[in-house]
Amino acid sequence: MLLSISLTRYMAIAHHRFYCKKMNGWACALVISMAWILSMAMALPPVFEVGTYKFIREEDQCTFEHRYVKANDSLGFLLMLAFIVAATHFIYMKLLFFIYDHRKMKPAQLTPAISQNWSFHGPGAAGQAAANWIAGFGRGPTPPTLVGMRQSTQHQIKRLLVLEEFKQEKRLCKMFYVITFLFLLFWGPYLVTCYLRIFSRTSLPQGFLTAAVWLTFAQAGVNPIVSFMLNKELRMSFR
């Protein structure tokens, strides 16, 4: 699910117009369904295998037993998890570089207006210049489209809406990356424990193992708090 979110975040920022056109309700439901189907495909086969899931007293939970590397296929599951976590952070890093490259300010290039007897026209003409021509100051040629006059504000309003949507997507991107980073931070000790069980037969202290397991439980409880703190729209809805 976090990997799918990182992909959609990258599309929302790097390809914003395509994302707004294609990612409707059905497309989002399809992405979520695919993530859950893949998750169930990874989680259900060990359930039907005899002796794979059992109550581990050191962890105080019934979970997938990570045995030695030659005992079962637990290494494959951990390698897949490590690949997914690394790919998710790689996409966010690529998105960060994309935002940084597009934030570089370029020097403004002013285009001069064309003037014939006080009748300014052209790309650099202002609204006052066109108004001067209408008022009779100068008898030059008629400006092509009175580019200095503001004909309609509909395009400007639409542009401001797109800019606000883009800022909202960036805020969501920040929130989801914090959730992804906290997932790695909270699950890190337990993953280290699992790898040590697979590659070595050394036993870890009971306190470290208990803390690692409870950190994985706490990660699910931290997500709503992070979402509330970093989601402006969610706070406004609660108000």
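Residues numbered from 1 in each chain as written. Predicted model: local features only at pLDDT ≥ 70, side-chain atom pairs only at ≥ 80, totals over all residues. Heavy atoms only, no water.

If you check an unreviewed UniProt entry, the protein appears there as G-protein coupled receptors family 1 profile domain-containing protein from Staurois parvus.

It is worth spelling out the overall build of the protein at this point. Along the protein, the regular secondary structure elements total 8 helices and 4 strands. Beginning at the N terminus, the succession of helices and strands in the protein can be written as α-α-α-β-β-α-β-β-α-α-α-α. A buried classification covers 28% of the 239 residues belonging to the protein. Accessible area of the protein: about 16900 Å², with a carbon and sulfur share of 68%. (Helix = DSSP H or I, 4+ residues; strand = E, 2+ residues; numbered from the N terminus. Buried < 20%, exposed > 50% of the residue type's maximum accessible area, 1.4 Å probe, protein only. Areas by Shrake-Rupley, 256 points an atom, 1.4 Å probe, with all protein chains shown as cover.)

All right, on to the UniProt feature "transmembrane region" (unreviewed entry) in the protein then. Listed under "transmembrane region" (unreviewed entry) in the UniProt record, and renumbered for this structure, are residues 77-100, 176-199 and 211-230. A distance of 35 Å separates the end C-alpha atoms of residues 77-100, which is 100% helix and 0% strand. Helix makes up 100% of residues 176-199 and strand 0%. Its end C-alpha atoms lie 33 Å apart. (UniProt positions renumbered as here; feature names shortened; annotations may be inferred.)

Attention now moves to the nonpolar core. Ile5, Tyr10, Ile13, Ala14, Ile91, Tyr92, Leu95, Ile99 and Cys173 together form the largest nonpolar core, which totals 9 residues. Those elements that provide at least two residues to this core are helix 1 (2-14) and helix 4 (74-101). Dropping the residues within four chain positions of it, Ile91 is found in contact with Leu3, Ser6, Leu7 and Tyr10. Counting residues in each nonpolar core, the second largest holds 8 residues, with Tyr190, Leu191, Cys194 and Val213 among its members. (Core = buried A, V, L, I, M, F, W, Y, C linked by side-chain atoms within 4.5 Å. Contact = heavy atoms within 4.5 Å.)

Looking now at the pattern of salt bridges. Applying the stated rule across the entire model yields 2 salt bridges. The closest approach of N and O atoms between Glu59 and Arg197, which form a salt bridge, is 2.9 Å. Of this pair, Glu59 sits in the loop between strand 1 (53-56) and strand 2 (61-64) while Arg197 sits in helix 6 (residues 154-199), and the two are 138 residues apart along the sequence. By relative accessible area, which is 3% here, Glu59 ends up buried. Residue Arg171 is joined to Glu233 by a salt bridge in which the shortest nitrogen-to-oxygen separation is 2.7 Å. With a gap of 62 residues between them, Arg171 in helix 6 and Glu233 in helix 8 (residues 232-238) connect regions that are remote in the sequence. (Salt bridge = Lys/Arg side-chain N within 4 Å of Asp/Glu carboxyl O.)

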